[in-house]
Every structure is written in structure tokens, then in C-alpha cells.
Amino acid sequence: MRIGYVLALLSLLPVASASAGAGNEPLSAELRLAGLKIGDSLARVRKQLGEPERMEGQPGEHHYVLHYPGLRIEMAEPGRVLMLGSTSPRYCTSSGLCPGQPLEQARKRLGEGTFYEGDDSGKLNYDSRDGSCFLAIEPDPSRRLIHGVEFSCP
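Residues numbered from 1 in each chain as written. Predicted model: local features only at pLDDT ≥ 70, side-chain atom pairs only at ≥ 80, totals over all residues. Heavy atoms only, no water.

Colleague: Help me out: how do you make sense of the state of the cysteines in this one?
Modeller: Linking two cysteines covalently through their sulfur atoms gives a disulfide. Per the stated rule, a full pass over the model turns up 2 disulfides. Covalent S-S linkage joins Cys92 and Cys98, the inter-sulfur distance amounting to 1.9 Å. Measuring handedness by torsion sign, the sulfur bridge of Cys92 and Cys98 sits at about 110 degrees and is right-handed. Overall, the relative accessible area of 22% leaves Cys92 in the partly exposed class. Taking relative accessible area as the criterion, Cys98 reaches 11% and is therefore assigned buried. Each sulfur of the disulfide joining Cys133 and Cys153 lies 1.8 Å from the other. (Disulfide = S-S within 2.5 Å. Buried < 20%, exposed > 50% of the residue type's maximum accessible area, 1.4 Å probe, protein only.)

Colleague: I keep staring at the nonpolar core and nothing clicks. Help me out?
Modeller: Where a protein is soluble and globular, its nonpolar side chains tend to be buried together. One finds Val45, Leu66, Ile73, Met75, Leu135 and Ile137 to be the most contacted residues of the largest nonpolar core, which totals 27 residues. Secondary-structure elements contributing two or more residues to this core are helix H2 (42–49), strand S4 (63–68), strand S5 (71–76), strand S6 (80–86), helix H3 (103–110), strand S7 (124–127), strand S8 (134–139) and strand S9 (146–152). (Core = buried A, V, L, I, M, F, W, Y, C linked by side-chain atoms within 4.5 Å. Helix = DSSP H or I, 4+ residues; strand = E, 2+ residues; numbered from the N terminus.)

Colleague: Is there a simple way to think about unusual backbone geometry in this case?
Modeller: Each neighbour pair has its own omega, and for Glu77 with Pro78 the value is 20 degrees, a cis peptide bond. Note that Pro78 resides in the loop between S5 and S6. Even without glycine at this site, Ala34 takes up a positive phi of about 55 degrees. Structurally, the position occupied by Ala34 is in the loop between strand S1 (32–33) and strand S2 (36–37).

Colleague: Quick question: what am I supposed to make of the confidence of the model for the protein here?
Modeller: Regions with low pLDDT carry predicted coordinates that are not meant to be interpreted in detail. In this model, the protein carries an average pLDDT of 82, and 81% of its residues clear a pLDDT of 70 or more. With pLDDT under 50 throughout, residues 1–23 is counted as low confidence; its partners more than four residues away or in other chains account for 1 contact. (pLDDT = per-residue confidence, 0-100. Contact = heavy atoms within 4.5 Å.)

Colleague: Sorry, what's going on with the pattern of salt bridges here?
Modeller: One side chain can pair with another of opposite charge once the charged atoms of both are near each other. Applying the stated criterion to the full structure yields 8 salt bridges. Asp40 is paired through a salt bridge with Lys37; the nearest N and O atoms lie 2.9 Å apart. With relative accessibility at 7%, the residue Asp40 sits in the buried group. Here Lys37 falls in the partly exposed class, since its relative accessible area comes to 33%. Glu112 is the salt-bridge partner of Arg107, the closest N and O atoms lying 3.2 Å from each other. We classify Glu112 as exposed; its relative accessible area is 53%. Within the structure, one salt-bridge network assembled from shared partners comprises Arg54, Glu56, Arg72 and Glu74. (Salt bridge = Lys/Arg side-chain N within 4 Å of Asp/Glu carboxyl O.)

This is how it looks when you write it as C-alpha cells:
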């Protein structure tokens with residue numbers, strides 16, 4: 001009887017492990033900053049935010065970067081948002097993760113995350129549920145607060 005009980009409990013472990021992390025990954029549709037999402041046009045960016053504070057590269061180049069206070073937007077031709085990143089509490093994800101919040105909030109909402117080999121920044125990385133995008137949470141030096149959030153759909 002005891003062996004049957006132990007086997008029954010062991011058979012539940014993979015199910016419990018799989019469901020513990022399931023549903024934590026962000027949906028691609030949730031990944032927005034400053035009212036923008038991956039794939040938005042340069043015209044939409046400018047309409048939403050105005051002219052950038054500075055620019056690395058220029059429209060027409062394969063890759064260029066727009067800088068706004070606390071917001072970085074990587075663009076790829078034909079003038080579409082490739083990556084969004086925020087270090088300002090003014091720009092939060094649509095699910096409410098913001099720079100300046102406790103890092104523990106991101107972990108409670110999304111799980112532990114993964115670290116990429118060779119990345120010494122300590123970023124927590126999360127793949128989207130549909131696998132097409134990823135969200136990265138960068139901790140501050142104390143590893144207690146969120147320094148930045150960024151996402152891309154490569």
C-alpha cells in the first residue's frame with residue numbers, strides 16, 4: 001500500500017512542475033511600451049512621441065536607434081519597430097512591469113526567468129507564450145529593483 005501511495009505521488013510531480021510555470025510567460029500582445037509595439041511604423045512612433053532626443057543612424061539605413069528620455073527604440077527597415085526598452089517608470093509594459101519596481105514583482109508575475117550565457121548584466125529573460133518574442137528584465141546594481149525592461153520579436 002505504501003509503495004502505491006509513493007508511486008501515485010511521484011506520478012503527480014511532473015504535472016505539478018509543468019503547471020507551476022505555465023501561463024507565466026508574457027503574450028506578444030502584452031508587450032507594449034509608450035503605447036507602441038513591435039512592428040509599429042516610424043510615423044506611428046513620431047506621432048506618439050514626437051521627434052527623438054537623439055538618433056543613432058538614420059531612417060533608410062538597415063538598422064537605426066531612436067532615443068527618448070528613458071526610452072530606446074531600435075528600428076529596422078522598412079521603418080518598423082524592432083525593439084523597445086525602458087529605464088523610466090513612465091514607460092511600463094502593458095502588463096504593468098515598470099523600471100523602479102521591486103524585482104520580486106517581476107519574478108512573482110513571470111517566474112525566475114533564464115540567464116543567457118555570457119550576459120553578465122544579470123538580466124532575467126522570458127520567452128513569450130507563442131515563442132515569437134522575448135522580454136528581458138534588467139535588475140539595478142542592488143538586484144532589488146527593476147532597472148529596465150525591454151522586449152523584441154526577432
